[in-house]
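Residue-level structure breakdown
Spelled out from the first residue to the last, the chains are:
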Amino acid sequence: MENKLIEKLKYLGLKDYIKSIFMVESDNKSAYFNYVYIIVDDPKIFQIENDLINLIEKSVLVNRSKDHFLVYGKKQNFTKIKIFSEEFNLLEVSIISDEFKEEFFKNLSNDINFIIDKENYSSFVIKNYKLFDLPKPYEYEFCIREFFSNILESSYAIKERDLMTANFKLQNAREELIKMANWYIIDKYNGTKSAGKDGDHLKYTVTKEIKDFILRSFSSGEVFDLYEGIFNCCSIFRNMGLYLDKHEELNYLKKEDVEIIKILRKQYKETDSILR
């Protein structure tokens, strides 16, 4: 994060309603994405949004959305404000009520850098806290079934020359692939790291081989590119799934995997013989 942006946030922190401004270091390694948390005692969103807009010069788009974290097992909503600007690219600010600060810190990794800390909230940061949980067996199995269901539907759509549906189904499968990658990372780092927002921590937490497979799972939309994406998805999904099967009490669906790959190879050969 640029020093200029940090100085602007410090200036914002002079507002009475702001109790703390901080960021998670592992979320802020990019020059284009800046993620910040603000704890307030009176979350008047319109006022905060206006103060942020006034802080950032030449903003081109402001987008407000909702997210949630868990408080004693129940969802607690909070507001995110995204500000896109020429100067700082993306600044995403999560607004957290002071009432739920202690529980919220339990949802964050412990590499936190406080920009403003008027109330000594740093005392709530738990060192070496095991933050991320592995899936329950039924969640793991559901992920596998959803993945292969979408993979097969993508292949069927290719056979029907419905490349739009094939792409959508492959994207659905890729979302399950990211889930599996997330659990793989959680296990590798003993619960202290995850795949991040939309997989943005993958580049820091997995091997080059895994990153290359994931990148090759994206398709240009052409028939043979789609099949290459499908087979790359299946390969890396299986590797990570079997890793979890070996290291945790989780059961990878090996028989189903083998039979589905046979179908995919057969359909690929049939398509290849027609189009080439």
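Refer to the structure presented above.
Basis of the calculations
Residues numbered from 1 in each chain as written. Predicted model: local features only at pLDDT ≥ 70, side-chain atom pairs only at ≥ 80, totals over all residues. Heavy atoms only, no water. Helix = DSSP H or I, 4+ residues; strand = E, 2+ residues; numbered from the N terminus. Buried < 20%, exposed > 50% of the residue type's maximum accessible area, 1.4 Å probe, protein only. Contact = heavy atoms within 4.5 Å. Pairing = 2+ DSSP bridges. Axes fitted to C-alpha atoms, helices over the stretch in contact; angles between N-to-C directions. Core = buried A, V, L, I, M, F, W, Y, C linked by side-chain atoms within 4.5 Å.

As a further point, take the side chain of Lys 19. Following the sequence through the fold, Lys 19 ends up in strand S1 (residues 18–24). Of the residues examined, Lys 19 reaches a relative accessible area of 17% and is grouped as buried. For Lys 19, the residues in contact, after removing those within four places along its chain, are Ile 39, Val 40, Asp 41, Asp 98, Ile 116, Asp 117, Lys 118, Glu 119 and Tyr 121.

A word on the sheet that holds strand S4 (residues 74–85). With respect to topology, six strands assemble into an open sheet ordered S3-S4-S5-S2-S1-S6, the strand pairing being mixed. Each edge of the sheet is formed by a strand with only one pairing partner; in this case those strands are strand S3 (59–71) and strand S6 (112–117). Averaged over all adjacent pairs, the angle separating strand axes in this sheet is 25°, with direction ignored. Here strand S2 (residues 33–40) runs beside strand S5 (residues 89–97); their pairing, made up of eight bridges, is parallel. Paired with Asn 34 across the two strands is Leu 91, which belongs to S5. The sheet strands contacting helix H1 (residues 3–12) are S1, S2, S5 and S6, and the helix crosses S6 at an angle near 45°.

Take the nonpolar core next. The biggest cluster of nonpolar side chains holds 41 residues, and the ones touching the most others in it are Phe 147, Ile 151, Met 180 and Phe 237. Broken down by secondary-structure element, the contributors of at least two residues to this core are helix H4 (137–159), helix H5 (163–188), helix H7 (208–216), helix H8 (223–247) and helix H9 (254–275). Top contributing element to this core by residue count: H8, with eleven residues. Those residues in contact with Phe 147 that sit more than four places away from it in its chain are Ala 173, Glu 176, Leu 177, Cys 233, Cys 234 and Phe 237. Counting residues in each nonpolar core, the second largest holds 23 residues, with Tyr 17, Val 36, Val 40 and Ile 83 among its members.

Of all the seven residues making up S1, seven are buried; the element is thus mostly covered by neighbouring parts of the structure. Taken together, the four bridges between S1 and S2 define a ladder with antiparallel strand orientation. Counterpart to Phe 22 in the pairing with S2 is Tyr 37. Here S1 pairs with S6 via five bridges, running antiparallel.

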